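One letter stands for each residue in the lines below.
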Amino acid sequence: MSEKRQDYISWDEYFMGVAKLAGLRSKDPNSQVGSCIVSPDNKILSIGYNGFPRGCSDDVFPWSREGDELDTKYFYVTHSELNAILNYRGGSLEGSKIYVSLFPCNECSKAIIQSGIREIIYDSDKYGDTPAVIASRKMLDAAGVHYRRYIRSGRELKITV
Ligand SMILES: [Zn+2]
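All values derive from a computational prediction rather than experimental measurement.

Reading the values: rules and limits
- Residues numbered from 1 in each chain as written.
- Predicted model: local features only at pLDDT ≥ 70, side-chain atom pairs only at ≥ 80, totals over all residues.
- Heavy atoms only, no water.
- Core = buried A, V, L, I, M, F, W, Y, C linked by side-chain atoms within 4.5 Å.
- Buried < 20%, exposed > 50% of the residue type's maximum accessible area, 1.4 Å probe, protein only.
- Contact = heavy atoms within 4.5 Å.
- Axes fitted to C-alpha atoms, helices over the stretch in contact; angles between N-to-C directions.
- Helix = DSSP H or I, 4+ residues; strand = E, 2+ residues; numbered from the N terminus.
- Parallel < 35°, antiparallel > 145°, perpendicular 65-115°, else oblique.
- Left-handed = near helix turned anticlockwise from the far one by under 90°.
- Nonpolar A, V, L, I, M, F, W, Y, C, P; charged D, E, K, R; others polar.
- Donors = N, O, S within 2.8 Å, 3.2 Å for Na, K, Ca; no water.

(A) The nonpolar core, seen in detail. The biggest cluster of nonpolar side chains holds 19 residues, and the ones touching the most others in it are I37, I85, I112, I117 and I120. Ignoring anything within four residues of it in the chain, the contact list for I37 reads K43, I44, L45, S46, A84, I85, L93, S96, K97, I98 and I117. By size, the runner-up hydrophobic cluster in this structure holds nine residues, among which are V18, A19, C36 and Y99.

Take a look at the structure:
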């Protein structure tokens, strides 16, 4: 009888890894964010990344951050968290948790709160000082949605595809 593997990845590494893998699907040249929604018993319920809504072609809609407002991405892009929530077709997300590679903005936090997600595990918090994220934390605190920073293991995962 052989012993079980000891170097298998943890749940946190697995779900954050899936979130980051999803982010690689984004066509945004500046920001690739991924989300992975997980049930209380560690089943993946949904995945999302930042992109334009269905039918809104990446070749037609703009990815720029500057210029005339209508020519920037901000009016059109759907963030990974919202995409993951909207992609879910299984019923309720009540009590679930979301792994996301970047701390959610205020708009996504509204959706997270309203969908019943109870915990956020985030990696980067590089916009932590911006009004959008300050507002985000304010709402999450009021709604009792717990958030914690993902602790990187430093493990590099290599997958050949
Ligand atoms: Zn957002």
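Next comes the rest of the description.
(B) Inspection of the packing of helix α2 (residues 80-87) against helix α3 (residues 106-115) at higher detail. As a packed pair, α2 and α3 sit with axes 8 Å apart at the nearest point and diverge in direction by 30°. By the angle class used here, α2 and α3 are roughly parallel. As α2 packs across α3, the resulting crossing turns out to be left-handed. Each of E81, L82 and I85 in α2 lies in contact with α3, whose residues at this interface are C108, A111, I112 and S115. In the contact of α2 with α3, the residues fall into five nonpolar, one polar and one charged.

(C) Region of the structure containing the coordination of the zinc ion. Note on the zinc ion: its protein donors are H79 (ND1), C105 (SG) and C108 (SG). The metal-donor distances range over 2.0 to 2.3 Å. Each donor residue of the zinc ion lies on one chain, and together they are spaced H-x25-C-x2-C. Here C105 lies in the loop between β3 (97-102) and α3 and H79 lies in the loop between β2 (44-49) and α2, a separation of 26 residues in the sequence. Relative accessible area serves as the criterion here: at 33%, H79 is assigned to the partly exposed category. The buried category is assigned to C105, whose relative accessible area is 15%.

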